[in-house]
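Listed here are the chains, written in short residue letters.
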Amino acid sequence: MNHFLDIHKTDPADLRGMIDQAHAMKQARQGRPKGTPDDELPLAGRMVALIFEKPSTRTRLSFDVGVRQMGGQTMVLSGNDMQLGHGETIADTARVLSRYVDLIMIRTFDESVLYEMAEYADVPVINGLTDRTHPCQIMADIQTYEEHRGPIAGKKVVWTGDGNNVCASFLHAAGQFGFDFTFTGPPQLDPETEFMDFARAKGSKVEIERDAFKAVQGADIIVADTWVSMHDAQSSRERRHNMLRPYQVNDALMAAAGDQAVFMHCLPAHRGEEVTSSVMDGPQSVIFDEAENRLHAQKAVMRWCLGA
Ligand code: CP
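Residue numbers run consecutively from 1 along every chain, following the written order of its sequence. Owing to the predicted nature of the model, reporting of local features is limited to residues with pLDDT of at least 70; listing and counting of side-chain atom pairs is limited to 80 or more, with chain, interface and lining totals taken over all residues. Note: side-chain values were computed over all heavy atoms of the structure, leaving out hydrogens and water.

A. Structural context of the site of the ligand. All residues adjacent to the ligand are Ser56, Thr57, Arg58, Thr59, Arg107, His134, Gln137, Cys266, Leu267 and Arg294. Polar contact is defined as a pair of N or O atoms within 3.5 Å, subject to the rule that within protein one atom must be able to donate a hydrogen and the other to accept it, and that residues adjacent in sequence are counted only when both atoms are side-chain atoms. Within the side chain of Ser56, an N or O atom sits 2.7 Å from an oxygen atom of the ligand. In the model, an oxygen atom of the ligand is placed 2.8 Å from a nitrogen or oxygen of the His134 side chain. Under the convention used here, a 1.4 Å probe and the Shrake-Rupley method define accessible areas, while residue burial counts only the protein chains that appear. Relative to its unbound accessible area of 260 Å², the ligand is 95% covered by the protein chains. Classes in brief: Ala, Val, Leu, Ile, Met, Phe, Trp, Tyr, Cys and Pro nonpolar; Asp, Glu, Lys and Arg charged; the others, Gly included, polar. In the shell around the ligand, the residues fall into two nonpolar, five polar and three charged. By convention in this text, a residue qualifies as near a molecule or strand provided that one of its non-hydrogen atoms is within 4 Å of it.

B. Structural context of unusual backbone geometry. With an omega of 5 degrees, the peptide bond running from Leu267 to Pro268 counts as cis. Its identity as a non-glycine residue notwithstanding, Leu129 has a phi of 120 degrees, on the positive side. Strands here are runs of E lasting at least two residues and helices are runs of H or I lasting at least four, both read from the DSSP assignment and numbered beginning at the N terminus. With respect to the helices, strands and loops of the structure, Leu129 is situated in the loop between strand S4 (125–127) and helix H5 (135–149). On the basis of relative accessible area, Leu129 is assigned to the buried category, the value being 5%. A positive phi is found at Leu267, a non-glycine position, where the angle reads about 65 degrees. Tracing the backbone shows Leu267 in the loop between strand S9 (262–265) and helix H11 (277–280). Three exposure classes are used, based on accessible area relative to the maximum for each residue type with a 1.4 Å probe and protein chains only: buried under 20%, partly exposed in between, and exposed over 50%.

C. Representation of the sheet that holds S4. Two strands qualify as a pair provided DSSP detects at least 2 bridges between them. The strand order S2-S1-S3-S4 describes an open sheet built from four strands, whose pairing is parallel. One side of each edge strand has no neighbouring strand; the edge strands of this open sheet are strand S2 (73–78) and S4. On average, each strand axis in the sheet is inclined to that of its neighbour by 20 degrees, with strand direction left out of account. Lines fitted to C-alpha atoms define the axes here, with helix axes fitted over just the stretch in contact, and angles between the N-to-C directions of these axes take values from 0 to 180 degrees.

D. Expanded view of the packing of aromatic side chains. Aromatic rings from Phe, Tyr and Trp, with only the six-membered ring used for Trp, were paired whenever their centres fell within 6.5 Å, and each pair was classed as stacked if the ring planes differed by under 30 degrees, edge-to-face if by over 60, and tilted otherwise. All told, the structure shown has four aromatic pairs when counted by the stated rule. Ring geometry for Phe4 and Trp304: centres 6.3 Å apart, planes at 80 degrees, overall edge-to-face. A residue pair is termed long-range when its members are at least 10 positions apart, and Phe4 in the segment before helix H1 (12–28) and Trp304 in helix H12 (residues 287–306) qualify at 300 residues. Summarising the burial analysis for this pair, Phe4 and Trp304 share the class buried. Ring geometry for Trp159 against Phe170: centres 6.2 Å apart, planes inclined by 65 degrees, an arrangement best described as edge-to-face. With Trp159 in strand S5 (residues 156–160) and Phe170 in helix H6 (residues 165–177), this pair connects stretches of sequence that are eleven residues apart. What makes Phe170 buried here is its relative accessible area of 1%. Three or more aromatic residues joined by ring pairs make a cluster, and in this case those are Trp159, Phe170, Phe179 and Phe181.

E. Layout of the nonpolar core. Ranked by internal contacts, the top residues of the largest apolar core, which has 54 residues, are Phe4, Ile126, Met139, Phe170, Phe177, Phe179 and Phe181. Looking at this core, the element that brings in the most residues is H6, giving eight residues. Note on contacts: a residue pair qualifies if any of its non-hydrogen atoms lie within 4.5 Å across the two residues. Among residues more than four places away in sequence, those in contact with Phe177 are Leu15, Arg16, Ile19, Met139, Ile142, Ile152 and Ala153. Residues enter a nonpolar core if they are buried and are Ala, Val, Leu, Ile, Met, Phe, Trp, Tyr or Cys, with the set joined through side-chain atoms within 4.5 Å. In this structure, Ala215, Ala224, Met254 and Leu267 belong to the second largest nonpolar core, which totals 19 residues.

Next up, the structure:
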């Protein structure tokens, strides 16, 4: 069964196929109202459960719209409204859902919930974000980079700030798509060694550079993310802000990188904190294309999961 759990667990040829299909499906819809169906309806007759144990704007909307464009139907569920949030086991929930739906997307806290859901479900399961990884976001980011600048293989990605769950999936992608990765941030917030080791083992150059201005030299992509993620304690906010302030992406940092670099952020952003508005709204920013491409990339992911 084709679960889409993490980028490092998915065959590189399959990942490439999904990105190419995402490009093609986006092209085929150019100029159409969002609510009109695609020409092909590969999810006709399919029911998809979208489960959220954390808040979401982009993931929720892009999966819901994507299923509908492909002719399927969705049920959007909050973990708290389900028995899952009141003591029913993940294994039992997975078995029950498999009797009603053809595909499950889940956003949850601990990745063990995702992996247990996949173990016991009889239908494919997609990772819509856990505390450790966010693979759907990075599929959209790769599609976005390639539509602006061409193939990502051999390019240099610079991650600024907190080595969080989105950073982890970027490192997985570095290994699978063949690009290099530099992390610039405080040592307390380095990405887990396991993620860096994966990319290195696949042949990617992975570096840590504490000086943000040195790190961005020759960058093709500069990425920022929120300084306090959904899984971080709000009580750590001031301490994290103090540590991360030298890593803000601003006009000076973008100038140090050069015109070839694009700026990415998975959103939601905190304007004036991890990135300035002048960069978010500036000529090198591709943030709203990233948000749009969640739709197209995930449509390709769902087709791959269902063999449709
Ligand atoms: N980037 C992202 O996953 O956005 P949401 O949290 O709004 O889904």
